[in-house]
Every structure is written in C-alpha cells, then in structure tokens.
Amino acid sequence: MASAPSKLYSDDVSLVVVLLDTNPFFWTTSSFSFSHFLSHVLAFLNAILTLNQLNQVVIIATGCNSCDYVYDSSKTANQSFGNGRMPTLCATLLQNLEEFMTKDEKLGIEEAEERITGSLLSGSLSMALCYIQRVFRSGSLHPQPRILCLQGSPDGPEQYVAIMNAIFSAQRSMVPIDSCYIGAQNSAFLQQASYITGGVHHKPQQLDGLFQYLLTIFATDLHSRSFVQLPKPVGVDFRASCFCHKNTIDMGYICSVCLSIFCTRHKKCSTCGSTFGQAQSDDASATNRKRKAPDS
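In this report, the structure presented in the accompanying data block is examined. (Residues numbered from 1 in each chain as written. Predicted model: local features only at pLDDT ≥ 70, side-chain atom pairs only at ≥ 80, totals over all residues. Heavy atoms only, no water.)

**Remarks on helix 2 (residues 34-51)**
- Look at helix 2: 26 Å from first C-alpha to last across 18 residues, which is about the 26 Å you get at 1.5 Å a residue.
- Among all positions of helix 2, only F34, F37, L38, H40, V41, L42, F44, L45, A47 and I48 are buried. (Helix = DSSP H or I, 4+ residues; strand = E, 2+ residues; numbered from the N terminus. Expected span 1.5 Å × (residues − 1). Buried < 20%, exposed > 50% of the residue type's maximum accessible area, 1.4 Å probe, protein only.)

Written out as structure tokens, the structure is:
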C-alpha cells in the first residue's frame, strides 16, 4: 500500500464508492421516501462527476439479504451525456437498482423464517474494499479512493465482527469511510468507522435538504479537507456487541486469547475454545473453602 500514492492522478481527483441502503424494512416505515432520497443522491453523484472529469463513482446497493454493484462510472465514461442531462447515470443506475431490489426481495421470501431487518453493511463494505484493492493493483493511474455510506437501517449486532474487520482493513489501506446516517437513531458502527479511518460522520437534521448536506460535506475531496471546516465527531459510541447473544453492551468479559466479547461469564471461550483462568480460580477457591470448612 505504500506505493499507492505515487499512482494518483492528482490530489483533487476522487474515487467515491457509495454504499446505498435499499432495505425495504426501513424505507416502508420512514417518513422520507426512497424516491425522494434517490433524487437527492442522483444530483449529488452528478455533482461529483462534474467537479472533475477524472472523478469516478461506484455504487453498491445494500439490501437486507444481499448486496451488489449497480453502477460504475468507469464503464460508462465513453457514453454521451446529451442535451445537458445525465441519461447514462440515471438510466443505468435505476435499471440495475430495480433488478437488484427485485432479486433481494425474492431472497427474502425464500428465507422468510430468518428475515433480518438490518441491511448487509458488512457485505457492502467488503465489496467496496475489494474494488478499491483492484484499483490499487491495476498498475495504472487512479484517483484517491474513499467510501461513503448512505445508511438508514439500524445497526445489526450480528455483523459486529465482520464490520470491525472491514473498518480496520480500510484503516490499514488508508481509505477513509464517510457516513451519512438518515435513520431515527444514530449508528454506532458508522460512527466508529468514520472515527477510526479518519472520515466524516454526519446525521442530517433536515432530510429535505439532504442534497445540500451531501454537497457541502461529502463532495469535498481529501486534499481540500485540510482547508475547510467539516463536522467533527462528538460523543462517538464505542460500545461493542457480545459474541454470545449479539447484544450491544457497556461492560463485558473479554477472552485474553482471541479478544472475543461476552456479556456473561463463561468457563470456556466459544470462539477459540480457551479455558478462562478466572473460572478456574473461582472453582479452586470454592474447593479450598469447602475443605477448610469446620465440621458441624
């Protein structure tokens, strides 16, 4: 990864990988419709591509059962944008997005017994990092990459390990993860992702002005961010999820071997199989007390 900066076009050329939350469980209950949300996102993506002709945009749809690429500007760069509009972006994205949501809904029907209300953020993060790694290893000049999570679904505690692994992989690759959360409650996962990787996290207060938030905060390239005043993290939620019940906890028990987290004390780690020393000490102390107990 040390050789990546030498391959950059210039400081202000960006590769923005957008993770688009399409979870129907969220959008059917939200006061902000998905079509309205998508109109703001399309205008933002058009602005990104207009700021610099070398900018690239990749969109990954994040459903509740699957995730997939739905748009890549590098594959449509040679197509015409006639009449001052952006038909290539809109037509390609909307068609692929409709096909993805139909497929994701079918997968939900097939797995109706284990339906999950959260979206597969861990999967889309992994796909984004894989795409960026392919760009790094392509051998040609490439823009400065960053990931933008447009999320509305609540955190899925069962994805805690996978999401944290993706966050630390992004940190090691020097890829910032920006996050814009539009749900009712804030996201601890996205807060940690932006804080650890040096990205920007923001929760818009007025969703009707979402385009303005996206343009003024998340359209700024990495080089220009040192010259502008962007939102700073305040009160980042660093709570973890336990490995046993997948619940978010404030305090817990950690395995000293594999660092697995549990909300209750166990005699043996369910992840690596190590025996906890504290449990052994408690058993030994109980045995000694029983031996020293006076006869009645």
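Now that the structure has been shown, we can carry on.
**A closer look at the side chain of S124**
- Inspection of the secondary structure assignment puts S124 in helix 4 (residues 121-136).
- Relative accessible area serves as the criterion here: at 0%, S124 is assigned to the buried category.
- A polar atom in the side chain of S124 sits 3.0 Å from the backbone oxygen of L121.
- Residues within four places of S124 in sequence aside, it is in contact with L19, I60, T62 and C67. (Polar contact = N/O pair within 3.5 Å; in protein donor to acceptor, adjacent residues only side chain to side chain. Contact = heavy atoms within 4.5 Å.)

**Regarding the pairing of strand 2 (residues 56-62)**
- Most of strand 2 sits inside the fold, with 7 of its 7 residues counted as buried.
- Residue alternation in strand 2 divides its side chains into two sets, Q56, V58, I60 and T62 and V57, I59 and A61, and both sets are buried.
- Of the strand pairs in this sheet, strand 1 (residues 14-21) and strand 2 are connected by 7 bridges, and their pairing is parallel. Residue L20 lies in a different strand from strand 2, and its bridge partner there is A61.
- Pairing geometry for strand 2 and strand 3 (residues 67-72), over 5 bridges, is antiparallel. The residue bridging I59 from the neighbouring strand is Y71, located in strand 3.
- Between strand 2 and strand 3, which pair antiparallel and follow one another directly, the connecting turn spans 4 residues. (Pairing = 2+ DSSP bridges.)

**Some thoughts on the sheet that holds strand 4 (residues 144-151)**
- Here we have 6 strands laid out as an open sheet, ordered 3-2-1-4-5-6, and mixed in their pairing. The open sheet is flanked by strand 3 and strand 6 (201-202), the only strands paired with a single partner.
- Against the sheet, helix 2 touches strand 1, strand 2, strand 3 and strand 4, its axis set at about 175 degrees to strand 1. (Axes fitted to C-alpha atoms, helices over the stretch in contact; angles between N-to-C directions.)

**Regarding the environment of G152**
- With respect to the element layout, G152 can be found in the loop between strand 4 and helix 5 (160-172).
- On the basis of relative accessibility, which here comes to 3%, the residue G152 falls in the buried class.
- Not counting residues up to four positions away in its chain, the partners in contact with G152 are D21, F26, Y181, I182 and G183.

**A few points about the nonpolar core**
- Grouped together as the largest cluster of nonpolar side chains are 35 residues, with contacts concentrated most on F37, L45, I59 and L150.
- Contributing elements (two or more residues each) for this core: strand 1, helix 1 (24-27), helix 2, strand 2, strand 3, helix 3 (87-110), strand 4 and helix 7 (210-218).
- In terms of residue count, helix 2 provides more of this core than any other element does, 8 residues in total.
- Once residues within four sequence positions are removed from consideration, F37 is found in contact with L20, D21, W27, F32, L150, I182 and L210.
- Membership of the second largest hydrophobic core comes to 33 residues, among which are C149, Y160, C242 and I249. (Core = buried A, V, L, I, M, F, W, Y, C linked by side-chain atoms within 4.5 Å.)

**Digging into the pairing of strand 4**
- The element strand 4 is extensively covered by neighbouring structure, given that 7 of its 8 residues are classed as buried.
- In terms of strand pairing, strand 1 meets strand 4 through 7 bridges, oriented parallel. Counterpart to S14 in the pairing with strand 4 is Q144.
- Direction of pairing for strand 4 relative to strand 5 (residues 177-181): parallel, over a ladder of 5 bridges. Looking at strand 5, one finds that L150 is bridged to C180.
- In this fold, the crossover linking strand 4 to strand 5 by way of helix 5 has right-handed handedness. (Right-handed = clockwise from strand over helix to strand, strands pointing away.)

**Re helix 4**
- Helix length check: helix 4 (16 residues) gives 23 Å between terminal C-alpha atoms against 22 Å at 1.5 Å per residue, within 8%.
- Among the 16 residues that make up helix 4, 12 are buried, leaving the element largely enclosed by the rest of the structure.
- Residues L121, S122, S124, L125, M127, A128, L129, Y131, I132, Q133, V135 and F136 constitute the buried set of helix 4.

**Considering the packing of aromatic side chains**
- The final tally for this structure, using the stated rule, is 6 aromatic pairs.
- Ring geometry for W27 and F37: centres 4.8 Å apart, planes at 35 degrees, overall tilted. Remark: F37 occurs in helix 2 and W27 occurs in helix 1; sequence separation between them is 10 residues.
- For F37, a relative accessible area of 1% translates into the label buried.
- Ring plane angle 40 degrees and centroid distance 6.0 Å describe the contact between Y160 and F189, whose orientation is recorded as tilted. With Y160 in helix 5 and F189 in helix 6 (residues 188-197), the pair connects residues that are 29 residues apart, well separated along the chain. (Phe/Tyr/Trp six-rings, centres within 6.5 Å; stacked < 30°, edge-to-face > 60°.)

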